[in-house]
Amino acid sequence: QVQLVESGGGLVQPGGSLRLSCTASGSADSYYAMGWFRQAPDNQRDLVARIWNNGLTTYADSVKGRFTISGDNAKNTVHLQMNSLRPEDTAVYFCNAYWARYGRDFWGQGTQVTVSS
């Protein structure tokens, strides 16, 4: 089945930038949708951004204009460019992928993003 490997988290000062990447492996076909969710301590896991295999994207209101998601169907890879980061963006970011062949979601292990001075 599908495995997701994330990279790019870390510590950054407010106003800074980070780029998260996620690559899926284990399936011969490509994703139906991939994206990023985040979860802060004592909070639920919320959608940050998602991209479909036709290029359509959606964003949480809190990140519109600051974050950009991009995807490569052929490589089953998705990137999240995060600019103008704020302390409230601090969370564990999870890569998510929906595969039509399996009719289910897959999740990465999560990568920590900390925005602090």
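Look a little higher up for the structure.
Residues numbered from 1 in each chain as written. Predicted model: local features only at pLDDT ≥ 70, side-chain atom pairs only at ≥ 80, totals over all residues. Heavy atoms only, no water.

A. Seen up close, the pairing of strand β3 (residues 18-25). In this sheet, β3 lies alongside strand β1 (residues 3-7) in antiparallel orientation, the contact comprising five bridges. When the sheet's bridge partners are listed, L4 is paired in β3 with A24. In this sheet, strand β8 (residues 77-82) lies alongside β3 in antiparallel orientation, the contact comprising six bridges. Considered in β8, the bridge of S21 is made with H79. (Pairing = 2+ DSSP bridges. Helix = DSSP H or I, 4+ residues; strand = E, 2+ residues; numbered from the N terminus.)

B. Quick peek at the sheet that holds strand β7 (residues 67-72). Taken in spatial order, the four strands make up an open sheet running β1-β3-β8-β7, and their pairing is antiparallel. Strands at the two margins of the open sheet, each flanked by one partner only, are β1 and β7. Strand-to-strand twist across the sheet, computed as the mean angle between neighbouring axes with direction ignored, equals 15 degrees. (Axes fitted to C-alpha atoms, helices over the stretch in contact; angles between N-to-C directions.)

C. Quick peek at the pattern of salt bridges. This structure, assessed with the given rule, holds four salt bridges. We note a salt bridge from D61 to K64, for which the minimum N-O separation is 3.0 Å. Two residues, D89 and R66, come together in a salt bridge whose shortest N-O distance is 2.8 Å. Taken together, the positions of D89 in the loop between β8 and β9 (91-99) and R66 in the loop between β6 (57-59) and β7 put the pair 23 residues apart, joining distant regions of the chain. Each member of the pair D89 and R66 is classed as buried. Via salt bridges that share partners, R38, R66 and D89 belong to a single interconnected network. (Salt bridge = Lys/Arg side-chain N within 4 Å of Asp/Glu carboxyl O. Buried < 20%, exposed > 50% of the residue type's maximum accessible area, 1.4 Å probe, protein only.)

D. Up close: the packing of aromatic side chains. Under the defined criterion, the tally for this structure stands at four aromatic pairs. For the ring pair F37 and W107, a centre distance of 5.0 Å and an interplane angle of 65 degrees mean the geometry is edge-to-face. With F37 in strand β4 (residues 33-39) and W107 in strand β10 (residues 104-107), this pair connects stretches of sequence that are 70 residues apart. We classify F37 as buried; its relative accessible area is 14%. The side chain of R45 reaches across the aromatic face of F94, ending 3.6 Å from its centre. Across the ring face of W107, the terminal group of R45 is positioned such that the distance to the ring centre comes to 4.8 Å. (Phe/Tyr/Trp six-rings, centres within 6.5 Å; stacked < 30°, edge-to-face > 60°. Lys NZ or Arg CZ within 6 Å of the ring centre and 35° of its normal.)

Take it as geometry only, folks, not as evidence of what the structure does.
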